Every structure is written in C-alpha cells, then in structure tokens.
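Okay, here's what each chain looks like letter by letter:
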Amino acid sequence: RFDGAGNCVEVPNADAGSAASLCGAPETCATSYPVQEVSGLLWVWPEAGLEGLGRSLLEEPAALGSGAQDWVMTVPPVSYESMVENSMDPSHAPHLHEGTFAASDMVPLTDYSAPAEPLGDEGFTVAHGGYTTKNDGMKATRTFRSPSFVDVNYELPSGKQQNFQLFFVPSTPFETRVITGLGLPQLPAWLPKRELLADLLHAFFFSRSALWRFNDQDRLVMQGQDRNQAADPDRRQAAWDVATPSDTGVSTFRKWLAEVGGGGPFASSGAAASLPTTQEEVSRWNVHGKHCPSCRRALALLE
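The paragraphs below set out a description of the structure included in this document.

What counts, and at which threshold
Residue numbers run consecutively from 1 along every chain, following the written order of its sequence. Only residues with pLDDT of 70 or above have their local features reported here, since the model is predicted, and side-chain atom pairs are shown and tallied only from 80 upward, although totals for entire chains, interfaces and linings are computed over all residues. Only hydrogens and water are set aside; all other atoms, that is, all heavy atoms of the structure, feed into the side-chain values. At least two DSSP bridges between two strands are required for those strands to pair. Counting from the N terminus, the helices are DSSP H or I runs at least four residues long and the strands are E runs at least two residues long. The contact criterion used is simple: two residues touch if any of their non-hydrogen atoms lie within 4.5 Å. Orientation is described by lines fitted to C-alpha atoms, with helices fitted over the stretch in contact, and by angles between N-to-C directions that extend from 0 to 180 degrees. By nonpolar core we mean a set of buried residues, namely Ala, Val, Leu, Ile, Met, Phe, Trp, Tyr and Cys, connected to one another through side-chain atoms within 4.5 Å. Buried means the residue's accessible area, taken with a 1.4 Å probe over protein chains only, is under 20% of the maximum for its type, while exposed means over 50%, and partly exposed covers the values in between. Should a side-chain nitrogen of Lys or Arg be within 4 Å of a carboxyl oxygen of Asp or Glu, the pair is scored as a salt bridge. Patches here: salt-bridge-free residues with over 30% relative accessible area, like charges joined within 9 Å, nonpolar side chains (Val, Leu, Ile, Met, Phe, Trp, Tyr) joined within 5 Å. The protein chains shown are the only cover counted for residues, whose accessible areas, like all others here, come from Shrake-Rupley with a 1.4 Å probe. This count recognises Lys and Arg as positive and Asp and Glu as negative, with His and chain-terminal groups excluded. By the criterion applied in these results, polar contacts are pairs of N or O atoms within 3.5 Å in which, for protein atoms, one can donate a hydrogen and the other can accept it, and in which residues neighboring in sequence qualify only through two side-chain atoms. These descriptions rest on fixed angle ranges, namely under 35 degrees for roughly parallel, over 145 for roughly antiparallel, 65 to 115 for roughly perpendicular, and the rest for oblique. Only Asp, Glu, Lys and Arg are considered charged, only Ala, Val, Leu, Ile, Met, Phe, Trp, Tyr, Cys and Pro nonpolar, and every remaining residue, Gly among them, polar. Two helices crossing with the near one rotated counterclockwise from the far one by less than a right angle form a left-handed crossing, whereas a clockwise rotation gives a right-handed crossing.

What to know about the sheet that holds strand 9 (residues 175-181)
Piece 1. What the 7 strands build is an open sheet, ordered 3-9-8-7-6-5-4; its pairing is antiparallel. Two strands close off the open sheet at either side, each with one partner strand: strand 3 (71-74) and strand 4 (112-113).
Piece 2. Bridging between strand 3 and strand 9 involves 4 bridges; their strand directions are antiparallel. Looking across to strand 9, one finds that Trp71 is bridged to Gly181.
Piece 3. On top of the sheet, helix 3 (residues 80-87) reaches strand 6 (139-145), strand 7 (149-155), strand 8 (161-172) and strand 9; it is set at about 170° to strand 8, its chief contact.

Some details on the nonpolar core
Piece 1. Core analysis: the biggest nonpolar cluster contains 26 residues, and Tyr80, Val84, Phe124, Phe144, Val150, Phe168 and Phe253 have the highest contact counts within it.
Piece 2. If sequence neighbours within four positions are ignored, Phe253 has contacts with Tyr80, Glu81, Val84, Glu85, Phe124 and Phe144.
Piece 3. Membership of the second largest hydrophobic core comes to 9 residues, among which are Ala62, Trp71, Phe149 and Phe167.

Things to note about unusual backbone geometry
Piece 1. A cis amide bond, omega 5°, links Glu117 with the succeeding residue Pro118.
Piece 2. Along the chain, the position of Pro118 falls in the loop between strand 4 and strand 5 (123-128).
Piece 3. Positive phi, close to 55°, is recorded for Ser39, a residue that is not glycine.
Piece 4. Examined against the element boundaries, Ser39 turns out to sit in the loop between strand 1 (35-38) and strand 2 (41-44).
Piece 5. In the Ramachandran plot, Lys193 falls in the positive-phi region, its phi being about 50° despite a non-glycine side chain.
Piece 6. Taking the relative accessible area as the measure of exposure, Lys193 reaches 63% and is therefore exposed.

Some thoughts on the pattern of salt bridges
Piece 1. Evaluated as defined, the whole model comprises 7 salt bridges.
Piece 2. Linking Arg1 and Glu10 is a salt bridge whose minimum nitrogen-to-oxygen distance equals 2.8 Å.
Piece 3. Overall, the relative accessible area of 56% leaves Arg1 in the exposed class.
Piece 4. If you follow the salt bridges from partner to partner, you end up with Glu47, Glu51 and Arg55 in one network.

So, the side chain of Ser146
Piece 1. Residue placement: Ser146 occurs in the loop between strand 6 and strand 7.
Piece 2. Setting aside residues no more than four positions away along its own chain, Ser146 makes contact with Ala62, Asp121, Glu122, Gly123 and Trp256.

Digging into a nonpolar patch on the surface
Piece 1. Together, Leu196, Leu197, Leu200, Leu301 and Leu302 line one region of the surface with nonpolar side chains, adding up to about 450 Å² of accessible area.
Piece 2. Those elements that place two or more of their residues in the nonpolar patch are helix 5 (194-205) and helix 10 (293-302).
Piece 3. For the nonpolar patch, the element with the most residues is helix 5, which contributes 3 residues.
Piece 4. In this fold, Leu301 is placed in helix 10.
Piece 5. Judged by its relative accessible area of 49%, Leu301 is partly exposed.

Remarks on the side chain of Asp151
Piece 1. Secondary-structure assignment places Asp151 in strand 7.
Piece 2. Buried charge without a partner: Asp151 forms no salt bridge, and the closest opposite charge is Arg145, 9.0 Å away.
Piece 3. A distance of 3.2 Å separates a polar atom in the side chain of Asp151 from a polar atom in the side chain of Asn153.
Piece 4. Polar contacts involving the side chain of Asp151 include one to the side chain of Asn163, which spans 3.0 Å.

So, the environment of Pro157
Piece 1. Secondary-structure assignment places Pro157 in the loop between strand 7 and strand 8.
Piece 2. A sequence separation of 21 residues divides Pro157 from Val178, and the C-alpha atoms of the two residues are 30 Å apart.
Piece 3. Those residues in contact with Pro157, other than ones at most four positions away along the chain, are Asp136, Gly137 and Met138.

Focus on the environment of Tyr112
Piece 1. Following the sequence through the fold, Tyr112 ends up in strand 4.
Piece 2. Note: C-alpha distance between Tyr112 and Pro245 (133 residues apart in sequence) is 5.7 Å.
Piece 3. Excluding its chain neighbours within four sequence positions, the residues that come into contact with Tyr112 are Met88, Pro90, Val126, Ala127, His128, Arg142, Pro245, Ser246, Thr248 and Gly249.
Piece 4. Separated by 2.9 Å, the side chain of Tyr112 and the backbone oxygen of Met88 make a polar contact.

Thoughts on the packing of helix 5 against helix 10
Piece 1. Between helix 5 and helix 10, whose axes approach to 8 Å, the crossing angle comes to 100°. When the axis of helix 5 is compared with that of helix 10, the two are roughly perpendicular. Here Leu196, Asp199, Leu200, His202 and Ala203 of helix 5 lie close against helix 10, whose contacting residues are Ser294, Cys295, Arg297, Ala298 and Leu301.
Piece 2. Here the contact of helix 5 with helix 10 is built from residues that sort into 6 nonpolar, 2 polar and 2 charged.

Topic: the packing of helix 3 against helix 6 (residues 209-231)
Piece 1. Relative orientation of the contacting elements helix 3 and helix 6 amounts to 130°, with a least axis distance of 9 Å. Here helix 3 is positioned oblique relative to helix 6, judged by the angle of their axes. Here helix 3 runs over helix 6; the crossing is right-handed. In contact with Ser82, Met83, Glu85 and Asn86 of helix 3, helix 6 contributes Asp218, Met222, Gln225, Asp226 and Gln229.
Piece 2. Taken together, the residues that form the contact of helix 3 with helix 6 break down as 2 nonpolar, 4 polar and 3 charged.

See below:
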C-alpha cells in the first residue's frame, strides 16, 4: 500500500521486521503524479517529481466552461483523432443520423470561420452558422482546449442557448474514453430513495435504442475513417484541405495536431496497433455499462 506521495507504507505479506525495511527503501516507492479534482473530474498532471508538482500548480486543468455536471463515460473503439474530428464537423449530422435528423432538413453550412494563425498551444475556437432547417440562422462556437476538451455553444434564433461539453481521452490508438456532460434534470433532494431512482432512470436513459443507433451511426463511419487512414497515412493530409466551408473545423484541428500537437497522442510510440473489428453493433456493456456506477448498481437490483 502506498501513500499519496508514492511512499510504500504497508507490505501485507511481510513480517514486522522486513516490512519496516521494505517501506523505507527507495526501490519500493511508486511514481506519484500531481492530481486535482475540478468540476467533478479527476485531473492528472503527467509529470512526476517536485518540478512536475510546481508546474502543475501554475496551470489550471483544461476545463473551460465545464461546471458541475452529471458526467457519463463511454469507451468506443475509435481513435482520439476521429472523435475530435467528428465533434468539429456539425454538417455530418443530417446526412448520417437518420432517425434523429433527416437529409431533407439539411441547410448548406457556408458560414464557418477559422481562427487566426499560427495556432496556439492552448487550442482554438471556430464559429459557424446553422446546418439544418431547425437551427438555420443560429450562432455557434466550438472550442477545442488542448489536449482533450471540446466545448460547443449554440445560440438559436429563438434566443435559446444550448451547451455540449465533451472530453476525449485516448486510451489506445483505437480506443477513446468519451466523457460527456449530460445536463440531465436532477431529482429533488426530498424524494424517498432518490439515489435508487436516479440509478434506474439513468439505466433507462442508456437502454434506449435511439441513443445507441445515434452512437453506432457515428462509430461505424469513424471506424471506417480509422481503417482508411491506417492503410494510407497520406490520407491524413487530405483532412487539411478545405474543399467546402463545412470542412473548416476538421481542417483546423488537423493543422493544430500536426503543427502544435506533436502529430497525435500515439504518433511517437512507434508501436503498430491492431484495428478493432468493425461490427454493426457493439456491446453496450463494454462501451458504457461496466464503466458506469449507476448502471452497475441498477443491474445488481435486477440480479
């Protein structure tokens, strides 16, 4: 067992004499990293030692705009690059998400402005107008705050405002932990068995077929993108090209990734990664349920 500084404080299988010696040895220490809890999320500064601690205290976590949220996590078999690209490409929605949108509702996205160059370490903000008949005339911004936060804000013609907050945390070259602020209404504190009901409502929300159809539509296309780029890395260059104004967000992210972001989180690893098998559907348990305390508690009630 280790304390917060990485010092070994207990060796369960050692007797009292050897435990004291082992706990005092530098070789038994674990590497410890600075952490902070901000906006209900745990943040890690990936640099150990006193210098890392000092630098971590000078930087705020990249939680721009993210207040207290009902955070949920999914783990799709999709690369970090494709996930962030998807969040910067709003015009795909009416073409891809049949059932939620309709292609007949599409409005050409001709108003999409890029940030000034050179792009900075901290990320960038792009702005655009509407892309369907339901949001035509809106004013929208998409902020990418490096390394993993995307903050989307819509100001609709009606005056209504919408906010979507997403964190994309790469775990392998073709797997990303997606943390989303749902902003679901909270049950009143006086309600009997409030936590139990909250778990059941959460599980019901994530059992809806429409939600998973939406996710699968995105996943299948993004896995195809990953497969094409793995087979021909030169295809990444095409993402820099702005063939139409709607390509501005993807192009800006790709430029940032190449010029500032070191080519991506696994660009220097040198290890060949295996592409996941593309399936029409994936296990909802593997993508979300097993990572979710609410879903696990709700399942235990049914067993």
